[in-house]
Amino acid sequence: MNLNERTNDYLINVSKVVDSEGKKEIISKNNPMEVRSVWMSNLEEEFYMIKHLVTNEKYYWGAFDTKFRLSLNGGNPVEIHPRFRSPNERYITIKKSIDEGNIRQLGLTLVSSIDATSVIIWEFNFPAEIGENDLINTYFFSQHLRSSGLLKNPMMTWIMFHGAYDVAYLIKLANFWDSLPDTLVEFQSHVRNYLGQNVFDVKFMTKFTNNLHGGLEEVATALHVNRVVGMAHQAGSDSLLTWQVFKKFKQVHFPHDSGISTGGNKTNRPSKGFEVGIFWYL
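Just so we're clear, the structure is a prediction, and the values are computed from it rather than from any experiment.

### Section: the pattern of salt bridges
Thought 1: Considering all chains together, one arrives at 9 salt bridges under this definition.
Thought 2: Of the charged contacts, one joins Glu 46 and Arg 36 as a salt bridge, the two residues approaching to 2.8 Å between their closest N and O atoms. Residue Glu 46 is located in helix 2 (residues 43-55), and its partner Arg 36 is located in strand 3 (residues 36-38); the two are separated by 10 residues in the primary sequence.
Thought 3: Arg 227 is paired through a salt bridge with Glu 217; the nearest N and O atoms lie 2.3 Å apart. With Arg 227 in the loop between helix 8 (216-222) and helix 9 (235-253) and Glu 217 in helix 8, this pair connects stretches of sequence that are 10 residues apart.
Thought 4: Owing to a relative accessible area of 33%, Glu 217 belongs among the partly exposed residues under this scheme.
Thought 5: Among the charged side chains, a salt-bridge network with shared partners connects Asp 65, Lys 67, Glu 217, Arg 227 and Asp 238.

### So, the packing of helix 5 (residues 164-174) against helix 6 (residues 184-195)
Thought 1: Closest axis-to-axis distance for the helix 5/helix 6 pair is 10 Å, and the angle between their directions is 75°. As summarised for this structure, helix 5 and helix 6 are arranged roughly perpendicular, according to the angle between their axes. Packed against helix 5, whose contacting residues are Val 167, Ala 168, Leu 170, Ile 171 and Ala 174, the element helix 6 presents Phe 187, His 190, Val 191, Tyr 194 and Leu 195 at the interface.

### Structural notes on the confidence of the model for the chain
Thought 1: For the chain, the average pLDDT comes to 80, and 72% of its residues sit at 70 or higher.
Thought 2: Within the model, the stretch residues 14-31 combines pLDDT values under 50 with 50 contacts to residues more than four positions away or in other chains.
Thought 3: Every residue in residues 264-282 is under pLDDT 50, and counting partners more than four places away or in other chains gives 57 contacts.

### Thoughts on the packing of aromatic side chains
Thought 1: Taken as a whole, this structure holds 17 aromatic pairs when the rule is applied.
Thought 2: Both rings, one in Phe 200 and one in Phe 246, keep their centres 5.6 Å apart while their planes meet at 50°; by these two values the pair is tilted. On the criterion of sequence distance, the pair formed by Phe 200 in strand 8 (residues 199-201) and Phe 246 in helix 9 is long-range, its members being 46 residues apart.
Thought 3: Judged by relative accessible area, Phe 200 falls into the buried class, the value being 0%.
Thought 4: Between Phe 249 and Phe 254, the ring centres sit 5.8 Å apart and the planes meet at 40°, which makes this aromatic pair tilted.
Thought 5: One aromatic cluster is present, formed by Phe 47, Phe 124, Phe 126 and Phe 141 through successive ring pairs.
Thought 6: The residue whose ring lies beneath Lys 172 is Trp 177, and the NZ or CZ to ring-centre distance is 4.8 Å.

Here is what the cut-offs are and how they apply
- Residues numbered from 1 in each chain as written.
- Predicted model: local features only at pLDDT ≥ 70, side-chain atom pairs only at ≥ 80, totals over all residues.
- Heavy atoms only, no water.
- Salt bridge = Lys/Arg side-chain N within 4 Å of Asp/Glu carboxyl O.
- Helix = DSSP H or I, 4+ residues; strand = E, 2+ residues; numbered from the N terminus.
- Buried < 20%, exposed > 50% of the residue type's maximum accessible area, 1.4 Å probe, protein only.
- Axes fitted to C-alpha atoms, helices over the stretch in contact; angles between N-to-C directions.
- Parallel < 35°, antiparallel > 145°, perpendicular 65-115°, else oblique.
- Contact = heavy atoms within 4.5 Å.
- pLDDT = per-residue confidence, 0-100.
- Phe/Tyr/Trp six-rings, centres within 6.5 Å; stacked < 30°, edge-to-face > 60°.
- Lys NZ or Arg CZ within 6 Å of the ring centre and 35° of its normal.

Encoded structure:
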């Protein structure tokens, strides 16, 4: 069976379905819910599937998460939310830690619409040290990412949770692992260029509620959303949970905000403050 046949066979038997309560259902009895683990050996095949889903099946919603090893040069852990720095100073902190650090995993969940129940989940595995077997070379990942249809696509909507570092790693991967831009203005330009304007950070959105606080697990618990596959701190599983939380958050707190539901439709934008780009956390 060639690559095209394997991809089509998988798409016919997609089995990953998550309802609004976060409960697992199975379409195909032969295929339990799973996170598709991606290594160097199956990178091309999985990106072929992603490109097909985006360009032919209109899977225009993407939730993502990264796991990484930060540089701690200087002796102090990097602060994710340094409260007393300017946006430019915060960006320099992010740039330094990412340019000197390593990505370990990138999780991606693709969905065709906010009301759809079928989702497909990937977990890309990168080496922390040079020479680890079958882990993904960042250069080849960048080549596939740039031709996948995910980037520079005005129809895409991107979802993250507390995603400053996630976005920065994605931009670094989009640029063949080159160093991040020197200035915040340049970085923002890269984000607009690659991800567009439809970017939501669920952590930021919780600031507009009175009862949602904490990290991804705490917000999921408050919304009665259950993790249905994998475990915490695994990028694929966390990308799915991020999607589930975003969907439930919208249903509970903003059921009539059609701008969130339409995603890439520029004629019906999300309420002011929710289409956050990357600006609030930098």
